[in-house]
Amino acid sequence: MNKQGPIWALGAMSGTSLDGVDAACVLTDGVTISRFGESGYRPYTEPEQSVLRAALGKWPGADLEAARQVIQRAHMDALSPFDGADLVGFHGQTLAHDPQGRGTHQLGDGAALAEGLGCDVVWDFRSADVALGGEGAPLAPFFHWACAKWIGATEPVCFLNLGGVGNLTWVDPRLSKPEEDGALLAFDTGPANAPLNDLMMQRRGVSFDRDGGLARQGAVEDGALELFLDEPFFRRMPPKSLDRDDFSLMLDLVRELGDADAAATMTGMAATAVMVGMEHCPVQPSRVLVTGGGRKNPVMMQMLSVGLDCPVQPVEDVGLDGDMLEAQAFAYLAVRVARGLPTSAPGTTGVATPIGGGQISRTGLAKGARRARGGGA
Ligand SMILES: Nc1ncnc2c1ncn2[C@@H]1O[C@H](COP(=O)(O)OP(=O)(O)OP(=O)(O)O)[C@@H](O)[C@H]1O
Ligand SMILES: CC(=O)N[C@H]1[C@@H]2OC[C@@H](O2)[C@@H](O)[C@@H]1O[C@H](C)C(=O)O
């Protein structure tokens, strides 16, 4: 039982879409969400994005100095306006993820960030889980459990993140701890927006299919969709996780199609991957709550609504912020790490037993005078 009271934590996430750094405050004891606070966003400039894109797929030991500087600078910019946090959760930028092989690599120096901000920083959230045989991802599920409690859910519910990659968490809020057997089942569903964004850049020179504008003019090509579903990933039982570019073959599958049909087919692939993944849920959830940028794509959302047997809604419908959920997750997880609570479990990453990952870089500064800025939900 966690007997310490809530503190203000500030989380930062730089996702696989490479669009920028999200930052958000949560007041929590690491179990219950007491309140949500302010949030912010620091976009990457185009030159910064190019530097990060060039670093994708690289492992420690490679020359990553330019990318490291981008990550440190952008996070300092994103986090320094929040002067009231007691603790920071710093995810960093995933450059490569191969849990069964070389490991997982999030770029970012938590010790330097702690020094720059003058605040204790929890970072390197995924390595320990991978070292102990877990997938190292997804890690948001423990926070999804807390969100299910916060919205007052009394029966199983799913959270679906449609970012660059998609990930699904089935939560049974009737269990009293997220690490309890049967409280959570989570896994990456497949590619979501990343390959669609790559297609849009290749064909139209824009970074994404805003509001599904191109996809809605086309039709899903069933042959390409079937080839996509032949991928062994879809036959694997969860837990399972993906690297951003594990499905770069999707671009080949739509090579012969016109732009609109290619966009529709890729949108259909992302949605169908979720439908296939939903078959793993222990029982049908009461609803699927969608977070991440894909919830703003009406074509993707419509495909999910038609294909799933339960309501599909953006998380805003239950008072959550779908742009900030992952940043909030790393705020919440930072408090769990600082308090010795687990952050992953057999049902979320496949690790043999619940464990807490993360390193803590401490500044040694007294935090008594700090006052968290809170908006509040
Ligand atoms: N209005 C919109 N219409 C269509 N797609 C959108 C819209 N807004 C955002 N997106 C998509 O959402 C993506 C960003 O999603 P998000 O910010 O959740 O990704 P991420 O956090 O970087 O990824 P991940 O969760 O995989 O780390 C954009 O790159 C774009 O493809
Ligand atoms: C290795 C890695 O960074 N994975 C990300 C990625 O982006 C979405 C999906 O793939 C998810 O598994 C994870 O991020 C979220 C925040 C998570 O860990 O829950």
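Residues numbered from 1 in each chain as written. Chains lettered and ligands numbered in written order. Predicted model: local features only at pLDDT ≥ 70, side-chain atom pairs only at ≥ 80, totals over all residues. Heavy atoms only, no water.

Undergrad: Account for the site of ligand 1, naming residues and giving values.
TA: Of all residues adjacent to ligand 1, which total 21 residues, the nearest are Thr16, Ser17, Gly164, Asn197 and Asp211. Taking Asn197, its side chain carries an N or O atom lying 2.7 Å from an oxygen atom of ligand 1. Against a free-state accessible area of 650 Å², the protein chains account for coverage of 87% of ligand 1. Across the shell around ligand 1, the residue classes break down as 3 nonpolar, 12 polar and 6 charged. Split by domain, the residues of the shell around ligand 1 number at least three in each of domain 1 (7-138 + 323-361) and domain 2 (154-318). (Near = heavy atom within 4 Å. Polar contact = N/O pair within 3.5 Å; in protein donor to acceptor, adjacent residues only side chain to side chain. Areas by Shrake-Rupley, 256 points an atom, 1.4 Å probe, with all protein chains shown as cover. Nonpolar A, V, L, I, M, F, W, Y, C, P; charged D, E, K, R; others polar. Domains from an automatic or database assignment.)

Undergrad: I'd like a rundown of helix α9 (residues 259-278), residues and numbers included.
TA: Taking 1.5 Å per residue as the helical rise, α9 with its 20 residues ought to reach 28 Å, and the 29 Å between its terminal C-alpha atoms agrees with that figure. Counted residue by residue, α9 has 16 buried out of 20 residues, so it is predominantly covered. (Helix = DSSP H or I, 4+ residues; strand = E, 2+ residues; numbered from the N terminus. Expected span 1.5 Å × (residues − 1). Buried < 20%, exposed > 50% of the residue type's maximum accessible area, 1.4 Å probe, protein only.)

Undergrad: I'd love a proper account of unusual backbone geometry, names of residues and values included.
TA: Cis peptide bonds are those with omega within 30 degrees of zero, and the linkage from Ala137 to Pro138 qualifies with -10°. With respect to the secondary-structure elements, Pro138 resides in the loop between α4 (127-131) and α5 (141-150). With an omega of 0°, the peptide bond between Pro238 and Pro239 qualifies as cis. Mapped onto the elements of the fold, Pro239 is located in the loop between α7 (222-229) and α8 (250-253). Here the phi dihedral of Leu18 falls at roughly 60°; this positive angle occurs in a residue that is not glycine. The buried category is assigned to Leu18, whose relative accessible area is 0%. Of note, Asp124 is a non-glycine position whose phi angle comes to about 55°, a positive value. Within the secondary structure, Asp124 sits in the loop between β6 (121-123) and α4.

Undergrad: Which residues make up the side chain of Arg244, and what values go with them?
TA: Residue position: Arg244 is located in the loop between α7 and α8. Classification of Arg244 as buried rests on a relative accessible area of 10%. Among the polar contacts made by the side chain of Arg244, one reaches the side chain of Asp198 at a distance of 3.4 Å. Setting aside chain neighbours within four positions, we find Arg244 in contact with Thr16, Arg53, Leu56, Val165, Ala194 and Asp198. (Contact = heavy atoms within 4.5 Å.)

Undergrad: Would you mind going over the pattern of salt bridges in detail, with residue names and values included?
TA: Within this structure, the stated rule accounts for 17 salt bridges. Linking Arg236 and Glu135 is a salt bridge whose minimum nitrogen-to-oxygen distance equals 3.5 Å. Separated by 101 residues along the polypeptide, Arg236 in the loop between α7 and α8 and Glu135 in the loop between α4 and α5 bring together distant segments of the chain. Classification of Arg236 by relative accessible area gives partly exposed; the value is 34%. Between Arg255 and Asp252 there is a salt bridge; the shortest N-O distance is 2.2 Å. (Salt bridge = Lys/Arg side-chain N within 4 Å of Asp/Glu carboxyl O.)

Undergrad: Help me get a handle on the domain arrangement of the chain, residues and values and all.
TA: One can read the domain layout of the chain as domain 1 (7-138 + 323-361) and domain 2 (154-318). The C-alpha centroid of domain 2 is placed 23 Å from the C-alpha centroid of domain 1. At the junction of the two partners, domain 1 supplies 23 residues and domain 2 supplies 27 residues. Of the roughly 1800 Å² buried between domain 1 and domain 2, counting both surfaces, carbon and sulfur atoms make up 50%. The three residues of domain 1 that bury the most area against domain 2 are Thr16, Pro138 and Asp323, which together make up 26% of that side's buried surface. Linking domain 1 with domain 2 are 10 residue pairs in polar contact (both at pLDDT 80 or more). (Buried area = accessible area lost by both parts, 1.4 Å probe.)

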